[in-house]
Amino acid sequence: MDSPEFSYIVKASEIGSSPRTGKLSATEEERRKLAERFDLPKISALKADYNLVASDDKIAFTGVLEADLQQICSVTGESFPVRLREEFDIGFVSQLAIDETEEEIELTEEDCDVIEYENGKIDLGEAIAQTLYLALPQFPRGPNADAVAREKLQSEEEAGPFGALAALKDKLR
């Protein structure tokens, strides 16, 4: 894999047991590359305030991500501004304890925000980028979406089987 667009590497050995606070902010070039990766028209701002603290089994990375960006409305196709504020709670672990079995593995909520790291280094920037991506609405709706939907889309009655029969009946007349 190529190196991440927004990368901020921290050595695990440099993180003590007392909380370490910090701020991350993506440069214009990093935001441009992330926008391309996430298929967004633009990311105007991406920053995070964070706390980092190591324990015996993981490194806790918590804080708040803030982003100003443009998304494409899933109804109108128009670009519209979005401001995101997302709290995060990520655990970095040196190796995930997963048995080599072919049985299904059920993940708990705590397992979903865990990132494995290698070579004693964690990438806070990539964790922020992934958090941003997961915070984006899957089907974003812009300010004109409802008006366009009412104007151009059919109601359930019109789109259902009886609506199709009524439309066919009207054509035959």
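Residues numbered from 1 in each chain as written. Predicted model: local features only at pLDDT ≥ 70, side-chain atom pairs only at ≥ 80, totals over all residues. Heavy atoms only, no water.

Draft legend 1. A look at the nonpolar core. In terms of nonpolar packing, the biggest core is built from 38 residues, with Leu 46 and Phe 61 touching the most fellow members. Broken down by secondary-structure element, the contributors of at least two residues to this core are α1 (28-37), β3 (42-54), β4 (59-72), β5 (79-93) and α3 (124-135). Beyond its immediate stretch of four places on either side in the chain, Leu 46 contacts Phe 6, Leu 24, Ser 25, Ala 26, Arg 31, Leu 34, Leu 65, Glu 66, Ala 67, Ile 128 and Leu 132. (Core = buried A, V, L, I, M, F, W, Y, C linked by side-chain atoms within 4.5 Å. Buried < 20%, exposed > 50% of the residue type's maximum accessible area, 1.4 Å probe, protein only. Helix = DSSP H or I, 4+ residues; strand = E, 2+ residues; numbered from the N terminus. Contact = heavy atoms within 4.5 Å.)

Draft legend 2. Local environment of the environment of Ile 115. Assignment of secondary structure puts Ile 115 in strand β6 (residues 114-116). With relative accessibility at 23%, the residue Ile 115 sits in the partly exposed group. Put simply, Ile 115 and Ile 90 are 25 residues apart on the chain and 7.3 Å apart in space, counted from C-alpha to C-alpha. For Ile 115, the residues in contact, after removing those within four places along its chain, are Ile 90, Gly 91, Phe 92, Val 93, Ala 127 and Gln 130.

Draft legend 3. Structural view of α1. Those residues of α1 that sit buried are Glu 30, Arg 31, Leu 34 and Ala 35. The arc that holds the buried residues of α1, viewed along the axis, is 135°, so those residues lie on one side. Exposed residues pointing more than 90 degrees away from the buried face of α1 are listed as Glu 28 and Glu 36. The positive-phi residue at the C-terminal boundary of α1 is Asp 39, with phi of around 55°. (Arc of directions from axis to C-beta.)

Draft legend 4. Up close: the side chain of Asp 123. In this fold, Asp 123 is placed in strand β7 (residues 121-123). Despite its burial, Asp 123 pairs with no opposite charge, the nearest such side chain being Arg 37 at 8.4 Å. Separated by 2.9 Å, the side chain of Asp 123 and the backbone nitrogen of Tyr 8 make a polar contact. Within polar-contact distance, the side chain of Asp 123 engages the backbone nitrogen of Gly 125 at 3.1 Å. Leaving out residues up to four positions away in the same chain, Asp 123 has contacts with Pro 4, Phe 6, Ser 7, Tyr 8, Ile 9 and Phe 92. (Lys, Arg positive; Asp, Glu negative; His and termini not counted. Salt bridge = Lys/Arg side-chain N within 4 Å of Asp/Glu carboxyl O. Polar contact = N/O pair within 3.5 Å; in protein donor to acceptor, adjacent residues only side chain to side chain.)

Draft legend 5. The arrangement of the pairing of β5 in detail. Looking at chain direction, β4 and β5 are connected through 14 bridges and run antiparallel. Looking at β5, one finds that Thr 62 is bridged to Asp 89. Linkage of β4 to β5, two consecutive antiparallel strands, is achieved through a turn of six residues, within which Gly 77 is found at a positive phi near 80°. (Pairing = 2+ DSSP bridges.)

Draft legend 6. Region of interest: the pairing of β4. Note: β3 against β4, 12 bridges, orientation antiparallel. Bridge assignment links Ala 45 to a residue of β4, and that residue is Asp 68. Between β3 and β4, which follow one another and run antiparallel, lie four residues.

Draft legend 7. Region of interest: the sheet that holds β5. Judged by pairing direction, the sheet is mixed, and its five strands sit side by side in the order β2-β3-β4-β5-β6 without closing on themselves. Two strands lie at the open edges of the sheet, namely β2 (20-25) and β6, each paired on one side alone. On average, each strand axis in the sheet is tilted by 25° relative to the strand beside it, whichever way the strands run. Where β2 meets β3, six bridges bridge the pair, whose relative direction is antiparallel. Among the inter-strand pairings, Lys 23 is bridged to a residue of β3, identified as Asp 49. The strands that α1 touches are β2 and β3; relative to β3, the one it contacts most, it runs at about 100°. (Axes fitted to C-alpha atoms, helices over the stretch in contact; angles between N-to-C directions.)

Draft legend 8. The environment of Gly 91, seen in detail. Position of Gly 91 relative to the elements: it lies in strand β5. In sequence terms Gly 91 and Ala 60 are 31 residues apart; their C-alpha atoms lie 4.7 Å from each other. Residue contacts for Gly 91: discarding those within four places in its chain leaves Lys 58, Ile 59, Asp 113, Val 114 and Ile 115.

Everything listed is a geometric property; what it means functionally is a separate question.
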